[in-house]
Amino acid sequence: MKGLKKILLLILVVFVIAQFFKPEQNTGDLTSIEPFLEETNPPEPVRVILKESCYDCHSDYTRYPWYSHITPVNYWLAEHVNDGKKHFNVSKWNSYSIKKKDHKIEELIEMVEAKEMPLESYTLAHSEAKLSEADIASIKEWAEHVRIKLTLLPKPQ
């Protein structure tokens, strides 16, 4: 019993010390999303869906819940955000070529239709991010219009 108390005390001390070490947070400016919104022009319901279901992991701005300040949860969240931004970052929209923009929107359609996005681990804590069939249809319709618009843009010479 005495050995168990020592082990539990050691685990507690390690946990407390770990709280002083935190990953960098994704606290960029929300205005970085504006070029994406201007070019893709989502209708208001889609804007709400994007804000609630996408931007935390796919932009330079993340809304952090209270539990994101607890190590090791904060490292797990940072990994999700970094991975999401690596695949598609709406804050970098202007740096994408027309071909890449089209590809990213095509992937968005595929991931949402397959119900792979938003991640289930995200929607467990953010129930408002769950997509209904109507949400999926709205996103798909908007995204298909974006793809058509992108095909009409002049190609660089």
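Details of the structure are given in the entry above.
Residues numbered from 1 in each chain as written. Predicted model: local features only at pLDDT ≥ 70, side-chain atom pairs only at ≥ 80, totals over all residues. Heavy atoms only, no water.

Trainee: How do you make sense of the overall build of the chain when you look at a structure like this?
Mentor: Helix and strand counts for the chain stand at 8 helices and 0 strands. When the helices and strands of the chain are listed from N to C terminus, the series reads α-α-α-α-α-α-α-α. Per-residue burial for the chain yields a buried fraction of 33% across its 157 residues. Of the contacts formed within the chain by residues at least 6 apart in sequence, a portion of 76% connects residues at least 24 apart. Within the structure as shown, the chain displays about 10,400 Å² of accessible surface, and the carbon and sulfur contribution to it stands at 63%. Each charge sign in the chain was given a centre, from 20 positive and 23 negative side chains, and these centres are 8 Å apart. (Helix = DSSP H or I, 4+ residues; strand = E, 2+ residues; numbered from the N terminus. Buried < 20%, exposed > 50% of the residue type's maximum accessible area, 1.4 Å probe, protein only. Contact = heavy atoms within 4.5 Å. Areas by Shrake-Rupley, 256 points an atom, 1.4 Å probe, with all protein chains shown as cover. Lys, Arg positive; Asp, Glu negative; His and termini not counted. Charge placed at Lys NZ, Arg CZ, Asp CG, Glu CD.)

Trainee: Even after reading the chapter, I still don't get the side chain of S91, so can you show me in this structure?
Mentor: Within the element layout of this structure, S91 appears in the loop between α5 (73-87) and α6 (98-113). Among the residues examined, S91 registers a relative accessible area of 14% and is labelled buried. Reaching out from S91, the side chain makes a polar contact with the side chain of S32 at a distance of 2.7 Å. For S91, the contacting residues outside a window of four places in its chain are S32, I33, H58, S59 and D60. (Polar contact = N/O pair within 3.5 Å; in protein donor to acceptor, adjacent residues only side chain to side chain.)

Trainee: I keep staring at the environment of P42 and nothing clicks. Help me out?
Mentor: Along the chain, P42 turns up in the loop between α2 (34-40) and α3 (44-53). Sequence spacing of P42 and V112 is 70 residues, and the spatial spacing of their C-alpha atoms is 16 Å. Residues in contact with P42, not counting those within four places in the same chain, are L37, R47, L50 and W142.

Trainee: Mind showing me how you'd approach the nonpolar core here?
Mentor: In summary, soluble globular proteins display a tendency toward joint burial of nonpolar side chains. In terms of nonpolar packing, the biggest core is built from 21 residues, with F36, Y55, F88, I105, L108 and W142 touching the most fellow members. Contributions of two or more residues to this core are made by α2, α3, α6 and α8 (133-152). Apart from the residues lying within four places of it in its own chain, the contact partners of I105 are F36, W93, A143, V146 and R147. (Core = buried A, V, L, I, M, F, W, Y, C linked by side-chain atoms within 4.5 Å.)

Trainee: Help me understand the packing of α3 against α8 in this model?
Mentor: Axis angle and axis distance: for two packed helices, these are the angle between their axes and the distance between the axes, and together they describe the pair. As a packed pair, α3 and α8 sit with axes 10 Å apart at the nearest point and diverge in direction by 110 degrees. With respect to α8, the axis of α3 lies roughly perpendicular. Two secondary-structure elements touch here, α3 through V46, I49 and L50 and α8 through D135, S138, I139 and W142. Tallied by class, residues from the contact of α3 with α8 come to 5 nonpolar, 1 polar and 1 charged. (Axes fitted to C-alpha atoms, helices over the stretch in contact; angles between N-to-C directions. Parallel < 35°, antiparallel > 145°, perpendicular 65-115°, else oblique. Nonpolar A, V, L, I, M, F, W, Y, C, P; charged D, E, K, R; others polar.)

Trainee: When you look at unusual backbone geometry in this model, what are you seeing that I'm missing?
Mentor: Residues apart from glycine generally show negative phi values, whereas peptide bonds are mostly found in trans. Residues T71 and P72 are joined by a peptide bond in cis, for which omega reads 15 degrees. Tracing the chain through its elements places P72 in the loop between α4 (55-58) and α5. Residue P118 follows M117 across a cis peptide bond; omega there is -10 degrees. With respect to the helices and strands, P118 occurs in the loop between α6 and α7 (120-125). One non-glycine residue, N41, lies in the positive phi region at around 45 degrees.

Trainee: Where do I start with the packing of aromatic side chains in this structure?
Mentor: Given two aromatic rings, their pairing is described by the distance between the two centres and the angle made by the two planes. On inspection of all chains with the given rule, the structure shows 6 aromatic pairs. Seen from their ring centres, F88 and W93 are 6.3 Å apart, and the 65 degrees between their planes marks the pair as edge-to-face. Summarising the burial analysis for this pair, F88 and W93 share the class buried. Following the ring pairs from residue to residue traces out a cluster consisting of F36, F88, W93, Y96 and W142. (Phe/Tyr/Trp six-rings, centres within 6.5 Å; stacked < 30°, edge-to-face > 60°.)

Trainee: Any chance you could explain a nonpolar patch on the surface here in plain terms?
Mentor: A cluster of nonpolar side chains, contributed by L9, L12, V13, F15, V16, I17, F20, F21 and Y75, occupies part of the molecular surface with about 920 Å² of accessible area. A per-element tally of the nonpolar patch places helix α1 (residues 2-18) first, with 6 residues. Within the secondary structure, Y75 sits in helix α5. On the accessibility criterion, Y75 (39% relative accessible area) is partly exposed. (Patch = residues over 30% accessible without salt bridge, like charges linked within 9 Å, V, L, I, M, F, W, Y side chains within 5 Å. Salt bridge = Lys/Arg side-chain N within 4 Å of Asp/Glu carboxyl O.)

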